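Notes for the structure review
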Amino acid sequence: MDYGIKDEGIICFAGEDWWYHHPHSKRHIMTRFSRDNKVIFVNSLTLGLPSIGNRDFFLKIRRKLKSYMRWLKRAPEGPYVMTPVIVPFFGSSAIRAFNRVLLSLQMRLAMKIVGIERPIVWVAIPSAVDIAERLNAKIILYQVSDKYDANEDSALSRCVIQDMDARLKKISDIVMYSGRKLFDESDVPHRYFLEQAVDFDHFATVAPHTARDIASIPRPILCYMGWMDYIMDVPLIEEVAKRRPQWHWVFIGNKSNLVQISAPNVHFLGSKPYSELPSYVRQADVFVLPWRISNEFTSYGSAIKVREYMATGKPVVIAPLHEYLETPGLRIYRTPGEFIVAVEDALKNDAPRDAALRQSFVKAGTWDVRTQQLGRLIAGLLAGKKFVHAVEPEEALTVNQ
């Protein structure tokens, strides 16, 4: 498939870790670009560690040290994955200056190894601003996928994050927003709505077998897939598990120490390879997104997993994320009572036409389509064009020649 650009060097400073997280938009897109281009996917530089009193402080240090051990390694999917060694504290100007030197040396070595001279630089985390300015990039694209300054997982002050964010918006050729709320609230003129997508066939195709560890769990099963941390509504899960003991919760993914639930009908199965997720989808009765609705960071989320849920055709019950309030076929709750009512309705009344409606809504929005759109966008920027006003992905590129 032609994704619009070829024989380019791309460096993506991602906001997640390739080795530990459920695939985000950057991983899906960079995997596709790597088929015709040289790609370095840089694991998250973080926005700084949480405070030492945080339950995940040492967990994050251990995980980052394991990632450091790999440094630069080519993933089976195509991109080179890099975890540069840095001091993960950005509140100190002295440490940031040290990191600039350390990062510059490592990135230039990695570029030489991979064979990249002047890269296309894709930034998806504000802490990469210092290195993004120093790579002699052909173009810089800044992807804003979260409300970064509302992140409770970092001890870094809001003002420092906001300053990094502002600098990136200033130096970028285009600012891409992955959430509707983020896009609508932005006043950046050169902004683009980078709508999330889905690996439709991966989740819509019925697996030939059911994974053993979920097959033994009684049904009905309420299933959640993805990282679990402070955004999870633990009190709601505990209350519903108590009020409906016949419902079994299944959580698939890595779990923070902040999520502690002990109940006979709550099952944490751990992280699973992306390729094996369809074998878990088979057994799920309702997919759920029990996120904290009062959390500012969560309210801006565009949760790719909701599209993955919809691709299965199965019922979906979610917290009221702005991104999906008008999406057909979803059941939205705001209280534990409403959650229970929504799940009961899903178990009793969901019809084949509802499943078809959910799948039809996401079927055309695949990662192949999204990567092609971005490839055309990047090709236009490389040709010397620039945005003069905000655009939606389906709009024509408005440029100054």
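Everything that follows concerns the structure shown earlier in this document.
Read on for an overview of the structure. The structure displayed is predicted, hence computed values, not measured ones. (Residues numbered from 1 in each chain as written. Predicted model: local features only at pLDDT ≥ 70, side-chain atom pairs only at ≥ 80, totals over all residues. Heavy atoms only, no water.)

Remarks on the pattern of salt bridges
Counted under the stated rule, the structure contains 21 salt bridges. Glu8 is the salt-bridge partner of Lys138, the closest N and O atoms lying 2.8 Å from each other. With a gap of 130 residues between them, Lys138 in the loop between α4 (129-132) and β6 (139-144) and Glu8 in the segment before β1 (9-13) connect regions that are remote in the sequence. With relative accessibility at 36%, the residue Lys138 sits in the partly exposed group. Taking relative accessible area as the criterion, Glu8 reaches 15% and is therefore assigned buried. A salt bridge links Asp368 to Arg32; the shortest N-O distance between them is 2.9 Å. (Salt bridge = Lys/Arg side-chain N within 4 Å of Asp/Glu carboxyl O. Helix = DSSP H or I, 4+ residues; strand = E, 2+ residues; numbered from the N terminus. Buried < 20%, exposed > 50% of the residue type's maximum accessible area, 1.4 Å probe, protein only.)

Things to note about helix α1 (residues 25-33)
Within α1, nine of the nine residues are buried, which leaves the element mostly enclosed by the surrounding structure. For α1, the full list of buried residues reads Ser25, Lys26, Arg27, His28, Ile29, Met30, Thr31, Arg32 and Phe33. Those residues of α1 hidden inside the fold are in contact with β1, β2 (38-42), β5 (120-123), β6, α12 (304-312) and α15 (367-382). (Contact = heavy atoms within 4.5 Å.)

Structural notes on helix α14 (residues 352-363)
Counted at 1.5 Å a residue, the expected span for α14 with its 12 residues is 16 Å, and the 16 Å between its end C-alpha atoms agrees. Residues of α14 that are buried: Ala355, Arg358 and Val362. Seen along its axis, α14 keeps its buried residues to an arc of 65 degrees; they face one direction. The exposed residues of α14 that point more than 90 degrees off its buried face are Pro352, Arg353 and Lys363. (Expected span 1.5 Å × (residues − 1). Arc of directions from axis to C-beta.)

Quick look at the packing of α1 against α15
Between α1 and α15, whose axes approach to 10 Å, the crossing angle comes to 70 degrees. It follows that α1 is roughly perpendicular to α15 by the angle criterion. Residue-level inspection shows Ser25, His28, Ile29, Arg32 and Phe33 of α1 in contact with α15, the latter providing Trp367, Asp368, Thr371, Leu374, Gly375 and Ile378. Among the residues making up the contact of α1 with α15, the classes are represented as five nonpolar, four polar and two charged. (Axes fitted to C-alpha atoms, helices over the stretch in contact; angles between N-to-C directions. Parallel < 35°, antiparallel > 145°, perpendicular 65-115°, else oblique. Nonpolar A, V, L, I, M, F, W, Y, C, P; charged D, E, K, R; others polar.)

Regarding the sheet that holds β5
Spatial ordering of the open sheet is given by β3-β4-β2-β1-β5-β6-β7-β8, a layout of eight strands whose pairing is mixed. Sheet topology places β3 (72-74) and β8 (191-193) at the edges, where each strand pairs with a single neighbour. Between one strand axis and the next, the sheet turns by 20 degrees as a mean value, whatever way the strands run. Pairing geometry for β1 and β2, over five bridges, is parallel. Looking at β2, one finds that Cys12 is bridged to Phe41. Sitting on the sheet, helix α3 (residues 93-114) touches β1, β2, β3 and β4 (80-82), and the angle it makes with β2 is about 150 degrees. Taken strand by strand, helix α5 (residues 158-171) contacts β5, β6 and β7 (174-177), and its axis lies near 140 degrees from that of β6. (Pairing = 2+ DSSP bridges.)

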